[in-house]
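# Notes for the structure review
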Amino acid sequence: MIELLRTNDPVTVSFAEALLKDAGIAYQLLDLHMSVVEGSLGVLPRRLAVRDNQAAQARTLLVDAGIDVPPVGESRG
C-alpha cells in the first residue's frame, strides 16, 4: 500500500474516498480511530492509502479533482 493523502480535513478525506470508490480503486483509510480518540483537536491526520499498482491512477484522479497529493513515492514530512 502507498500513502497518497494525509490530512486533518474530514471533508477532503470524504471527497477522496468518494472519488476512489466511484473509480473502483481499492483504498484503505489509516489512523481513523486514532484521530477519533484524540478528539476534536485535529492533531492526528488521517491517511489514505491505495494498492501499489493503482497508486499512479489514484493520484491522477485526486489531483485532477483539485486535491493536493505529492508524487507517488514521495512523502510529506
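Our structure's up above, just so we're on the same page.
### Focus: the sheet that holds strand E3 (residues 46–50)
Strand order in the open sheet formed by three strands is E1-E3-E2, with antiparallel pairing between adjacent strands. Whereas interior strands pair on both sides, the edge strands pair on one side only; in this sheet they are strand E1 (2–7) and strand E2 (27–30). Neighbour-to-neighbour, the strand axes of the sheet open up by a mean angle of 25°, direction not taken into account. Sheet topology note: the E1/E3 ladder contains five bridges and is antiparallel. Considered in E3, the bridge of glutamate 3 is made with alanine 49. Sheet strands in contact with helix H1 (residues 10–23) are E1, E2 and E3, and its direction is about 15° off that of E3. Helix-sheet contacts for helix H3 (residues 55–64) involve E1 and E3, and the interaxial angle to E1 is about 30°.

What counts as what
Residues numbered from 1 in each chain as written. Predicted model: local features only at pLDDT ≥ 70, side-chain atom pairs only at ≥ 80, totals over all residues. Heavy atoms only, no water. Pairing = 2+ DSSP bridges. Helix = DSSP H or I, 4+ residues; strand = E, 2+ residues; numbered from the N terminus. Axes fitted to C-alpha atoms, helices over the stretch in contact; angles between N-to-C directions. Contact = heavy atoms within 4.5 Å.

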